[in-house]
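# Summary of the model geometry
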Amino acid sequence: MDSCLFCKIIKGEIPSSKVYEDEYVYAFNDINPVAPVHILIIPKEHICGAGEVTEENSGNIAKVFEAIAKIAKRLDLKDGYRIVNNCGEKAGQSVFHMHFHLIAGCEMGWPPC
Ligand code: AMP
Ligand code: ZN
């Protein structure tokens, strides 16, 4: 996806503050953090959103969650963290390359709205 912001970040065409990378996953600090820890974890394969996950590409999402567990251990997020995926504009999705927000380091309320 030539025009996709996050595909460009994966390719290094747009700079990012990398937190983690493996064959399937890339993670970087959110440019506009909403909490002391705010990391975006993305599959390297371009998947637009949660609604486009299929039997063929879902392995990438499993890899994302393996990476999240590693990052959380590395950052020692013992007090807990939240994983958020916004799916669709009304839910707040602004970049249409599927991504998961890892948020930590503050008290969080529930429900969100
Ligand atoms: P969402 O609104 O769920 O689609 O999340 C998109 C996130 O991408 C937002 O939290 C933005 O702050 C973040 N973002 C947008 N551009 C960049 C960038 N160049 N580097 C890092 N994070 C970005
Ligand atoms: Zn993309």
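Criteria and cut-off values
- Residues numbered from 1 in each chain as written.
- Chains lettered and ligands numbered in written order.
- Predicted model: local features only at pLDDT ≥ 70, side-chain atom pairs only at ≥ 80, totals over all residues.
- Heavy atoms only, no water.
- Helix = DSSP H or I, 4+ residues; strand = E, 2+ residues; numbered from the N terminus.
- Buried < 20%, exposed > 50% of the residue type's maximum accessible area, 1.4 Å probe, protein only.
- Polar contact = N/O pair within 3.5 Å; in protein donor to acceptor, adjacent residues only side chain to side chain.
- Contact = heavy atoms within 4.5 Å.
- Donors = N, O, S within 2.8 Å, 3.2 Å for Na, K, Ca; no water.
- Tetrahedral: all angles 85-135°; square planar, octahedral: opposite > 155°, others 65-115°.
- Near = heavy atom within 4 Å.
- Areas by Shrake-Rupley, 256 points an atom, 1.4 Å probe, with all protein chains shown as cover.
- Expected span 1.5 Å × (residues − 1).
- Arc of directions from axis to C-beta.

Let's shift gears to the side chain of histidine 101. Relative to the helices and strands, histidine 101 is located in strand β5 (residues 100–104). Accessibility expressed as a relative area gives 12% for histidine 101, which makes it buried. Separated by 2.8 Å, the side chains of histidine 101 and histidine 38 make a polar contact. Residues contacting histidine 101, with those up to four places away along its chain left out, are Asp30, His38, Ile39, Leu40, Arg82, Ile83, Val84 and Asn86.

A few words on the coordination of the zinc ion (ligand 2). Around the zinc ion (ligand 2), the donor atoms from the protein are Cys4 (SG), Cys7 (SG), His46 (ND1) and His97 (ND1), and they sit 2.0 to 2.3 Å away. Taken together, the 4 donor atoms surrounding the zinc ion (ligand 2) define angles of 105 to 117° at the centre, an arrangement classified as tetrahedral. Mapping the donors of the zinc ion (ligand 2) onto the primary sequence gives the spacing C-x2-C-x38-H-x50-H. You can see cysteine 4 sitting in the segment before α1 (5–11) and its partner histidine 46 sitting in the loop between β3 (37–43) and α2 (58–74), a full 42 residues away along the chain. For cysteine 4, a relative accessible area of 7% puts it in the buried group.

Attention now moves to the site of ligand 1. What surrounds ligand 1 is a group of 16 residues, the closest being Asp30, Asn86, Gly92, Ser94 and His101. Contact between ligand 1 and aspartate 30: an oxygen atom at 2.5 Å from a side-chain N or O atom of the residue. Asparagine 86 has a polar side-chain atom sitting 2.8 Å from an oxygen atom of ligand 1. Against a free-state accessible area of 500 Å², the protein chains account for coverage of 83% of ligand 1.

This part takes up α2. Between the first and last C-alpha of α2 there are 25 Å, a value that for 17 residues agrees with the 24 Å anticipated at 1.5 Å per step. Considered for burial, the residues of α2 that qualify are Asn60, Ile61, Val64, Ala67, Ile68, Ile71 and Ala72. Along α2, the residues classed as buried sweep out an arc of 135° about the axis, all on the same side. Along its buried surface, α2 packs onto β1 (18–21), β2 (25–29), β3, β4 (82–84) and β5. A positive backbone phi angle near 60° is found at aspartate 76, which sits one or two residues after α2.

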